[in-house]
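Overview (structure and organization)
In case you want the letters, here they are:
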Amino acid sequence: MTDFLLILISTVLVNNFVLVQFLGLCPFMGVSNKLETAMGMSLATTFVLTLSSVCSYLVYTYLLAPLDLVYLQTVSFILVIAVVVQFTEMVVHKTSPLLYKVLGIFLPLITTNCAVLGVALLNIRKQNSFAESIGYGFGAAAGFSLALILFSAIRERIAIAEVPVPFRGAAIGMITAGLMSLAFMGFAGLVKF
Amino acid sequence: MAVYSFHGGIHPPENKLQSTQTPLVDAPLPRHLIIPVQQHIGMAADPIVKIGDTVLKGQVIAEPIGRISTAVHAPSSGRVIDISQQPVPHASGLEAECIVIETDGEERWCEHEGLDDYKKLAPNELIDFIRSKGIAGMGGAGFPTDVKLHLGDDHIVNTLIINAAECEPYITSDDMLMRTCADEIVGGIEVIAHLLKPHHILIGIEDNKPEAIAALSSACKISRVPIDIQVVPTKYPSGGERQLIQLLTNIEVPSGKIPADVGIVCQNVGTTAAIYEAVTTGQPLISRIVTLTGAALKQPQNLRALIGTPFTTLLEFAGLEPDKLSKLVMGGPMMGVPLTSPHLPVIKTTNCLIATTIEEMPPAPPAQACIRCGLCEQACPAQLLPQQLYWFSKGKEFEKARQHNLFDCIECGACAYVCPSNIPLVQYYRFAKSEIRNEELEQRRADHARARFEARQARLEREAAEKAEKRKQRALEAAAAQAARKKAEEKAAAEAAESGESNASDDAALKSLKVAAAVSRTKLSKAEKALKNAREKELDGIDKLEATVVELKTKSDEAQAMYDAAVNASTSPEKIAKSDAESDAKKEITLDLKALKQQVSIMRTKLKKAKASEVDAAEILELEARLNTAQAELNTAEEQQMAKAAAAGIDLKQLKIDAALAKAAVTKTERAAKAAETDQEREQLEAELPQKRETAEQLAQQLARFE
Amino acid sequence: MDSVITAILALLGLALVFGLLLGYASVRFKVEGNPIVDQIDAILPQTQCGQCGHPGCRPYAEAIAAGEAINKCPPGGQATIDQLAELLNVESIPLDAEHGSEDVRKVAYIREDECIGCTKCIQACPVDAILGAAKQMHTVIVSECTGCDLCVEPCPVDCIDMIPVATTIGNWKWPAPPSPMQIIATDRTTPSEETA
């Protein structure tokens, strides 16, 4: 149980995927203009990340490792992720048109999201067990969501604030992201491994 | 009983002493009274007087329309000299419909009578009586009072609160009223209490009006209903309805609800006095107390002014020094609106006029950036987040502003007062509110238009379906009729055959022929069937059968031919008989005209096409020439017809329409000429113009002749 | 050699399984209809004016859902374009001048002396806002008129005017407060530049 908690804290705060490991930066900058869309993106990513880390673990342990095909892990993981994303899109489209409207164009974005592949690969490198993989995937997604939602809330304020002209738009976004990253580095001493 | 507190609030300098030094006097009677027909919330009243009418003081001059509306009365006797758009005291500075009365100085009252004992009247009748006296809330909003008095019907009213707080700086009109007319106020409270039957009655008054408190206390002692006077500490905006309710009862009126939903009704002291006046003497609301104050006046004071008195009259009376005046404000310094012109009338909600000098109310310094200090949040009496609302209003994120309860803002101005950056916060909220209201209106309008569009679409479809159905029905009916006729004919034929009188008449002959044809047809088909059958079964004697069929066919054909010939012979003479020389001639003319018209339109289309396909100019010119000749022909033909028609003395209407059409053609060509892009086009169009004009003139002349 | 074949087979097998899964999902979770059209239609101003090149607002909504540009609605103006952009998650673009320019709200007015009672405008009105009968003069029900302009063209005697709706106390709006002083010298812009 402690291990599980540690994994969560480590992925959400200390080794936040976005702000510390700098994975998944494209949606972080691209989908953070609005709080609503950021929330939708977070939800979708959480779902896909958890599911794909499970699937990739299964593929690795029961297919690649026994057959001695470890060198195929990147290829097969991309396949797994693409399928999971596609499947999720279909299910969401059918079951919740509203969520689909929110996620719509972001779901395909997740396919090429490095955070998703990163989690799958890191799971293998860290030699996580099945349960740990789930925890790791979920924690990474929670960290991603936290950073994205915080950032989009800040950007919403910035959008209506009087920003000096040269800093308007992406520039002030980058500065904000940098400041947030600095802030998250403060968590580095929280857990000693 | 404890006095509670509300969140926020501010303590601006009161400035109330200046205007309470002299006793209340009547304002002079002005030469002209300008009375807006809308002085209240709701529908504008409808004028029932005409220009030139003589009116008496207190006479109804505009009647309420709808439930939320009040009547308007003549404040003095005189003559109605104008009913038109006049500038009215409103933040927009726009004009609205007003009745202008020239006073005769006689102040002749119309007949009016109070109620001997209002308790004898049914509540509804008493409320209608109050409604007929034009009483609307005098605190500032101007909500028709009778609507509030009806609240007892569907709400249980526990508490009646009389708002005497008058929290805004400078304003002392309610203070003066309480000092001079405490008995009337208490009398009015008794009337309201009779209607609403509250469990207890509270008067909320700020502690900066000791004389008014004393006057009210002595009046309450002799009152027939128990009234509690609650003195509240001076704090702006304790006079806000919701704030006063919280101060006195510690009940917070929920967002989006009205006080009556929590069992409370609030009335202003001015309103109660007006109700008393109306009930006891029958006098309608035609005057009110107005505070005239500000450093640009020699004698700040309170005046009892007639509704419709121009501000200039009042300001002059109070000794305005025009060179000192920098800004004229209607209402208090916090919530009032600056006026662009003093030529505006007093209305039922005008409680104060401030003529300020530049030192007294300096122009607002330029707004600085928001430093997010949070002072506005601490000052907000509605417990909103003014800073958030400011950002949302500024960034036009109106949906978010609404989610942050923008509509609970009472626009008291406390946030703007404390803002260290001098941001005009209330202006932002007002802007956002009116934008949201406008958006809602547009949405409603769009929904309405969509509903109407869809209804029309459905109607068109239904009509088309009905038409198709009718056509089908008609076809069926026709078929049935035909079948019936056939049957009858057959029957007749059979009868004729039976009686052996087949050649008795033409008709009978026809019928018999038809029957013969039918019989031979049946025979033929039978034979054919037999033949087919035989062929299938490869029986003997096919040859024979075939021969029979051929024979039968010729026979049946012969019979049919004979029948046809007979039918033709019988119908053609009728036709000739029917035709009529007169109608023929008529047809010829119309046909001619029609053909000509068609020719012209064909030419025109050709010309258009030629122009569109950009063939050489010569061809276009030729076509144009042809078009013109065709047009001319048509015109002459039309004229001829017209002449004929004139001879017959008919179709003036047709002529009129033609004249209008010709006129329209001229204007259209003119417009086209103006809009034409190339010189060539313009020249062409201009060349066409005289001709068209001529036609139009000719038609007009003809029309004139006939008329 | 064996290992290569194993690798190919493994990947093929994996791809096959996933392909089957997706194939099943595409059948199982098939979606009919497009709820987005209703949402777009709700945003459009419903003047039914046809300035976008479609016969009414709903056809345009359908066209937008199918990928047409969102800037073809002059009656809605920039506000509608912004709302559509937000709904569809696309960049907001300025109004396409080809389809007309944003204008104040107008209503049709028939000069009744000149009306010949031809009923052509009644047939053209998409919201049944014109009242009248053949050979009788017609009149516009102002509260129902969407200001779509469609009745002006068919009138044979040019007796219909589009009159801007006057601002009265009832429909007056509070103006936006002046924008505050800019602290940074280089940011000080004229209002026209700001909106550009």
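Calculation notes
Residues numbered from 1 in each chain as written. Chains lettered and ligands numbered in written order. Predicted model: local features only at pLDDT ≥ 70, side-chain atom pairs only at ≥ 80, totals over all residues. Helix = DSSP H or I, 4+ residues; strand = E, 2+ residues; numbered from the N terminus. Contact = placed C-beta atoms within 7 Å. Rg over C-alpha atoms; globule rule 2.2 N^0.38 Å. Buried ≥ 20, exposed ≤ 12 C-beta atoms within 10 Å, placed from the backbone. Nonpolar A, V, L, I, M, F, W, Y, C, P; charged D, E, K, R; others polar. Pairing = 2+ DSSP bridges. Core = buried A, V, L, I, M, F, W, Y, C linked by C-beta atoms within 7 Å. pLDDT = per-residue confidence, 0-100.

**Section: the overall build of chain B**
Counting its regular elements, chain B contains 19 helices and 17 strands. Long-range contacts, defined as pairs at least 24 residues apart, comprise 71% of the intrachain contacts of chain B with a sequence gap of at least 6.

**A short note on the overall build of chain A**
Of regular secondary structure, chain A possesses 9 helices and 0 strands. Each helix (α) and strand (β) of chain A, taken in turn from the N terminus, gives the series α-α-α-α-α-α-α-α-α. By the compact-globule yardstick of 16 Å for 193 residues, chain A fits well, its C-alpha radius of gyration being 17 Å. Along the first, second and third principal axes, the C-alpha set of chain A runs to 60 × 45 × 30 Å. Counting all 193 residues of chain A, 41% fall into the buried class.

**A look at the interface of chain C and chain A**
Contact residues are listed per partner, giving 19 residues for chain C and 21 residues for chain A. Sort the elements by how many residues they give to the side of chain C that touches chain A and helix α1 (residues 2-28) of chain C lands first, with 11 residues. Tallied by class, residues from the side of chain C that touches chain A come to 14 nonpolar, 4 polar and 1 charged.

**Remarks on the interface of chain C and chain B**
Where interface size is given, it is often the accessible area lost as the parts come together that is meant. Contact residues are listed per partner, giving 27 residues for chain C and 29 residues for chain B. Broken down by class, the residue content of the side of chain C that touches chain B amounts to 15 nonpolar, 7 polar and 5 charged.

**Considerations on the environment of A:C114**
Residue and element names in this part refer to chain A. Mapping C114 onto the fold places it in helix α7 (residues 114-125). Measuring from C-alpha to C-alpha, the distance between C114 and I154 comes to 24 Å, with 40 residues separating the pair along the chain. The residues contacting C114, other than those within four sequence positions of it, are L23 and G24.

**Looking at the sheet that holds strand β17 (residues 352-356) of chain B**
If you walk across this open sheet you meet the 6 strands as β1-β14-β13-β17-β15-β16 (chain B), and the pairing is mixed. The strands lining the two open edges of the sheet, one partner per strand, are β1 (25-26) and β16 (337-339) of chain B.

**Describing the nonpolar core**
Residues and elements named next belong to chain B. L314, L353 and L425 are the most contacted members of the largest nonpolar core, which has 130 residues in total. Top contributing element to this core by residue count: helix α4 (residues 182-196), with 8 residues. Sequence-distant contacts of L353, defined by excluding residues within four places in its chain, comprise V290, L292, F311, L314, L315, L328 and M330.

**Here's the deal with the sheet that holds strand β5 (residues 60-63) of chain B**
All names here are of chain B. Spatially, 3 strands are ordered β3-β5-β6 in an open sheet, and the strand pairing comes out antiparallel. Every other strand in the sheet has two partners, leaving β3 (46-47) and β6 (72-73) as the edge strands with one partner each. As judged from the 2 bridges shared by β5 and β6, these two strands associate in the antiparallel manner. If you follow V60 over to β6, its bridge partner there is H73.

**A look at unusual backbone geometry**
Trans peptide bonds make up most of the peptide bonds, and negative phi angles are found at most residues other than glycine. All names here are of chain B. With an omega of -5°, the peptide bond between Y236 and P237 qualifies as cis. Assignment of secondary structure puts P237 in the loop between β11 (227-232) and α6 (241-249). Although it is not a glycine, Q383 sits at a positive phi angle of roughly 55°. Turning to its location among the elements, Q383 is positioned in the loop between α9 (375-379) and α10 (386-394). Q383 sits in the partly exposed class, given 13 other C-beta atoms within 10 Å. Unusually for a residue other than glycine, N405 sits at a positive phi of about 60°.

**As for the confidence of the model for chain B**
All names here are of chain B. Confidence in the prediction for chain B averages 84 pLDDT; 85% of positions are at 70 or higher. Taken as a whole, residues 572-582 scores under 50 in pLDDT and shows 1 contact with residues more than four places along the chain or in a different chain. Our summary of model confidence lists the complex with pTM equal to 0.73 and ipTM equal to 0.80.

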